[in-house]
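Below, each chain spelled out in residue letters.
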Amino acid sequence: MNKTISVIRLAILFILSGLALIFIFGEEQNENLLAFFFHVIVDKGLGIGLCFYIGRLYKRWSRVDPWLKAYDKMCDEVMDNPNPSQL
């Protein structure tokens, strides 16, 4: 059961990340200048809002989810002992 919840949480984070990338890097193709700027503002705002929401979800879930805890621990270990060939 715990693995299922972790997989669902990771899937949610990946799906939201994909949507944020589409909104941020999507190209607007309106010929009307007012509609073009409206879509740019709305789409980029939604993308940035999704990035903020992803950060909040990750911060909340990394305290309770074992897979996200392990990922954070692994990242901390690498930051404490970096690979000498990468310095």
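Quick note: structure is the one above.
Structure report, in brief. (Residues numbered from 1 in each chain as written. Predicted model: local features only at pLDDT ≥ 70, side-chain atom pairs only at ≥ 80, totals over all residues. Heavy atoms only, no water.)

**Focus: the overall build of the protein chain**
Line of reasoning, step 1. What the protein chain contains, in helices and strands, is three helices and zero strands.
Line of reasoning, step 2. Along the protein chain, from the amino end to the carboxyl end, the secondary structure elements read α-α-α.
Line of reasoning, step 3. For 87 residues, the compact-globule estimate of 2.2 N^0.38 gives 12 Å, and the C-alpha radius of gyration of the protein chain, at 18 Å, exceeds that figure by more than 25%.
Line of reasoning, step 4. Summarising its shape, the C-alpha atoms of the protein chain cover approximately 55 × 40 × 15 Å along the three principal directions.
Line of reasoning, step 5. Accessible surface, the protein chain as shown: approximately 7100 Å² in total, 67% of it carbon and sulfur.
Line of reasoning, step 6. Counting 9 positive and 9 negative side-chain charges, the protein chain places the centres of these two groups 14 Å from one another. (Helix = DSSP H or I, 4+ residues; strand = E, 2+ residues; numbered from the N terminus. Rg over C-alpha atoms; globule rule 2.2 N^0.38 Å. Areas by Shrake-Rupley, 256 points an atom, 1.4 Å probe, with all protein chains shown as cover. Lys, Arg positive; Asp, Glu negative; His and termini not counted. Charge placed at Lys NZ, Arg CZ, Asp CG, Glu CD.)

**Some thoughts on helix 3 (residues 66-80)**
Line of reasoning, step 1. For helix 3, spanning 15 residues, the distance from its first C-alpha to its last is 21 Å, which sits close to the expected 21 Å at 1.5 Å a residue.
Line of reasoning, step 2. Backbone nitrogen of Trp 67 and a side-chain oxygen of the N-cap are separated by 3.1 Å at the start of helix 3; the cap is Asp 65. (Expected span 1.5 Å × (residues − 1). Polar contact = N/O pair within 3.5 Å; in protein donor to acceptor, adjacent residues only side chain to side chain.)

**Quick notes on the side chain of Asp 43**
Line of reasoning, step 1. Relative to the helices and strands, Asp 43 resides in helix 2 (residues 33-61).
Line of reasoning, step 2. For the buried Asp 43, which has no salt bridge, the nearest side chain bearing the opposite charge is Lys 44, at an N-O separation of 5.8 Å.
Line of reasoning, step 3. Once residues lying within four places of it in the same chain are set aside, the contact partners of Asp 43 are Phe 23 and Glu 28. (Buried < 20%, exposed > 50% of the residue type's maximum accessible area, 1.4 Å probe, protein only. Salt bridge = Lys/Arg side-chain N within 4 Å of Asp/Glu carboxyl O. Contact = heavy atoms within 4.5 Å.)

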